[in-house]
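# Structural features, examined
Residues per chain, in single letters:
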Amino acid sequence: WKNARTTRVTTQPGTEFFPSLSPDSKSLVYASHARGNWDIYLQEVGGKTAVNLTKDSDANDTQPAFSPDGSLIAFRSEREPRGIYLMDATGENILRISDVGYNPAWSPDGKQIVAGSDRFSEPQTRRLIPSPLWIINVATGVRRQLFAGDAVQPSWSPGGGRIAFWAL
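Residues numbered from 1 in each chain as written. Predicted model: local features only at pLDDT ≥ 70, side-chain atom pairs only at ≥ 80, totals over all residues. Heavy atoms only, no water.

### Considerations on the pairing of strand E8 (residues 95-98)
Sheet analysis places strand E7 (residues 83-88) next to E8, joined by three bridges and oriented antiparallel. In the sheet register, Leu86 faces E8, and the bridge partner there is Leu95. Counting the residues that bridge the hairpin from E7 to E8 gives six residues, and of these Gly91 lies at a positive phi of roughly 95°. (Pairing = 2+ DSSP bridges. Helix = DSSP H or I, 4+ residues; strand = E, 2+ residues; numbered from the N terminus.)

Next up, the structure:
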């Protein structure tokens, strides 16, 4: 850590949440409230201009996550109908794949997404306990419950054999 350094990547005004680094580490997607609602922005690492990928929606779009190959971004949207959406890394071809879920996380093979049932900003503001975990098939949208207990902010292990989460 003595040789570690920090580098500022974004320069937008306002709050920025839910960063997701691309697999090649060349770009970052995140949610920003700079335009008056939550949108998803793409920022090249070392670049100066952030691109609003969800500018065509007045609804809140948050919690972006790059797919393992970097070609897709999963995200939570409050547009109608609400749910987990996918879009190309360019912001094109937006498609809803699930009517439930928050904090989507990709399986290492990119074929599935795990998502919790509850959204939150701080542990003390949790509204839905328990929050089951869902596995969503990316190709079909078919979902199955993985865990019926309390689980939020899931993350798939690199080998695909485990899913980490926190709970109350």
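That shown, we press on.
### Here's the deal with the pairing of strand E5 (residues 61-66)
Of all the six residues making up E5, six are buried; the element is thus mostly covered by neighbouring parts of the structure. As paired elements, E5 and strand E6 (residues 72-77) share four bridges and run antiparallel to each other. Residue pairing in the sheet places Thr62 in a bridge with Arg76 of E6. Hairpin connection between E5 and E6: a loop of five residues separates the two successive antiparallel strands, and Gly70 in this loop has a positive phi of roughly 80°. (Buried < 20%, exposed > 50% of the residue type's maximum accessible area, 1.4 Å probe, protein only.)

### Looking at the pattern of salt bridges
The final tally for this structure, using the stated rule, is six salt bridges. A salt bridge links Asp99 to Arg143; the shortest N-O distance between them is 2.5 Å. Of this pair, Asp99 sits in the loop between E8 and strand E9 (102-106) while Arg143 sits in strand E12 (residues 143-147), and the two are 44 residues apart along the sequence. Under the relative-accessibility criterion, Arg143 is labelled partly exposed at 35%. Each of Arg76, Glu78, Glu80 and Arg82 takes part in salt bridges that share partners, so that together they form one network. (Salt bridge = Lys/Arg side-chain N within 4 Å of Asp/Glu carboxyl O.)

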